[in-house]
Amino acid sequence: MGYRCTVHLVDEASIRAELVPALLGSAPAATVLERVRPDGSELLDEARAALASRDQARAARLLCRLAVLYSACQLPHLYSGALALGLWQRGPGHPASLVALGEDPGLLFAPVVEQHPQLAGHFPLWLEGHLSTGAYISAGQVPAALEAVRASLAGLLASQREAYAPVVRVLSAAAAHGLAYWEASGLSPTLVQAELLDAPDPPGVARWPWPCGKAWGDASLHGDTLLVRMAGADTSVLVDLKGWPPAPQAIQLDSPRACTRLADGGWLSVHGNRQRRPFRFPLFRYPSSLGEDGTRLLDDPSGSLGIAHLAVCGGEVLAWCQPPSGAPRLARLRGGALQDVEAPPAHGVQKTHGRFYVHGHVALGCGQSLVIWDGRPYPWHAGLGEPWPVRIEPSHARWTAVPWGEDGFYYLSARRLYRVRRGQAPEPISLPGSSPRPRAPRPEPPDKPGVLVMYTQAASTPGASPAAAEDSGAIVSIAPGPEGTLLVRFGETRTGLRLGVLHPEAGTLSGYHLQDLSGKARQSFCGAFWSPFSQRIYLVEKSGLLTLDIDPPRS
């Protein structure tokens, strides 16, 4: 059986004041172990019997296991999988072993060792397998151990560091509260509330849970309304973002594949039932709310329409179709039917899992619509006009763009940020600090979850070189932000940066380490949106909606 490790906070004074007297038969009252665990008395009797036997190695191991279980009855612990200090080399990146950090747990049981001197030297220092204890670090040595662990993790990617988050988190809490650290494998300790491991949300951060299920990964903003798809149910959630807390509405909408808001407040939606074969995604028209009864405009009995994107361009409804077989096509909705629009053949980009097409649209500041067809922007005037001299490469599953002035827009190509105006060549946007300068200390995220890390760096500041410069090629989506800024969402980054508020004109980037807002080792969110109605940034998490009410960077 493999390792199933837990890492624990330990109150050494409590063990010496309550557990040790109980082992020696001089405790004045029942211990917390006996009060919390139904088998607490049996565990104490087993340890006392082992002390009376000749097998002192077994007795020492039982005392350590008992102490860890005792600690878990009053202080938090975390599950860390197959990772612990003594198993460090098993983890991602294989950092150097930290064996030198462990101390002799016999220090906790000095009165017991005094009565049973043969115990000395038998207390386990490292994990020996299932049902064993591992590294014990006294409260006085915890700060040094935490520093050594952070140094070992410094060279790893953020995603690799996530595996070690339980160890870092418990060591950080131990250092903050003057407690010791201990690890074990396979003990199945009593679960307790982990208040010491969590921190309250910082000012300006608030959460709201989903009324049903968890977010699946699809979220789209339509004016002041956010549409979020729930997992494992034929349900989606509409969220009114005019204020906080939000006004939610759970609706019977399974697998929304494409949605758009009409000028009269109605909706068009392509959705179906993924539990049925073949997949069918008919087109529905809703009068004013997706929660009302809709009218089926187009059926899709064979699942061959493949409508992947809907948009209103120049007063017409356009549909980007990617059928399961055959070439993609662009169509307009007229008279309850789709009519093909004359468009160049779409070739896409061949990748491991097939061809990827850059399809979408963007509304310019002047009100004109651009149709993005196979990576080329075409002005829309009841048909495709002459394309702009721009070639956009695939970046992510969903097309995102932000208007720039009256006749330009920001976009992603191969996960890098660009902007372009009509009649001009594309202009790459470098994140602050991407030009060669002397390196400045990298802003590291804190170990206490719930703490917001925000740093702002300007490209014009001498010596400034924020970690975001290393993440320029990891952008997965962009969205309009406050006061002319861009919300920039990152994927895999070395620094753990997940969201940035970029002011292109001022050359500043404010970064948020969102995994520290989630209270978990890794923060996974489906989208980031700015609402001018409530003046807030909204993050769609799996468990709910999180909002940041924080001053944006100024130009």
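Everything discussed here concerns the structure shown above.
I will try to describe carefully the structure that is included in this document. Keep in mind the model is a prediction, meaning the values are calculated, not measured.

### Focus: the packing of helix α6 (residues 142-153) against helix α8 (residues 165-177)
Here is step 1: Two numbers describe how α6 lies on α8: the axes approach to 9 Å, and their chain directions differ by 150°. When the interaxial angle is binned, α6 and α8 end up roughly antiparallel. The element α6 and its partner α8 pack so that their crossing is left-handed. For the pair formed by α6 and α8, the contact residues are V142, A145, L146, V149, R150 and L153 on the first element and V168, L171, S172, A174 and A175 on the second.
Here is step 2: Residues belonging to the contact of α6 with α8 are distributed by class as follows: nine nonpolar, one polar and one charged.

### Examining the sheet that holds strand β14 (residues 307-313)
Here is step 1: Taken in spatial order, the four strands of this open sheet run β14-β15-β16-β17, and their pairing is antiparallel. With one partner strand each, in any of the chains shown, β14 and β17 (337-340) form the two edges of the open sheet. Neighbour-to-neighbour, the strand axes of the sheet open up by a mean angle of 35°, direction not taken into account.

### Remarks on the packing of aromatic side chains
Here is step 1: In the structure shown here, the tally under the stated rule is six aromatic pairs.
Here is step 2: Relative to F409, the ring of W388 has its centre 5.9 Å away and its plane inclined at 35°; by these criteria the two rings are tilted. Of the two residues, W388 is situated in the loop between β22 (376-379) and β23 (401-404) and F409 in strand β24 (residues 408-413); the sequence distance between them amounts to 21 residues. Each member of the pair, W388 as well as F409, is classed as buried.
Here is step 3: With a centroid separation of 5.4 Å and 45° between ring planes, the pair formed by F409 and Y411 is classed as tilted.

Reading the values: the criteria
Chains are numbered independently. Their residues run from 1 in the order of the written sequence. For this predicted model, a pLDDT threshold of at least 70 governs which residues receive local features, and a threshold of 80 or more governs which side-chain atom pairs are given and counted, while totals over whole chains, interfaces and linings are taken from all residues. Values shown for side chains rest on all heavy atoms present in the structure; no hydrogens or waters enter the calculation. Angles run from 0 to 180 degrees between N-to-C directions of axes, and those axes are lines fitted to C-alpha atoms, restricted for helices to the stretch in contact. Runs of H or I in DSSP of at least four residues are treated as helices and runs of E of at least two as strands, each being numbered from the N terminus. Here the angle decides the label: under 35 degrees means roughly parallel, over 145 means roughly antiparallel, 65 to 115 means roughly perpendicular, and every other value means oblique. For a crossing to be left-handed, the near helix must be turned anticlockwise from the far one by less than a right angle; the clockwise case is right-handed. Contact between two residues is taken to exist if any of their heavy atoms lie within 4.5 Å; hydrogens are not considered. Residue classes follow a fixed rule: Ala, Val, Leu, Ile, Met, Phe, Trp, Tyr, Cys and Pro count as nonpolar, while Asp, Glu, Lys and Arg count as charged, and any other residue, Gly among them, counts as polar. At least two DSSP bridges between two strands are needed for those strands to be called paired. Here the aromatic set is Phe, Tyr and Trp, taking the six-membered ring for Trp, and pairing holds for ring centres within 6.5 Å; pairs whose planes are under 30 degrees apart are stacked, those over 60 apart are edge-to-face, and all others are tilted. Relative accessibility thresholds used throughout: buried, under 20% of the residue-type maximum; exposed, over 50%; partly exposed, between the two (1.4 Å probe, protein chains only).

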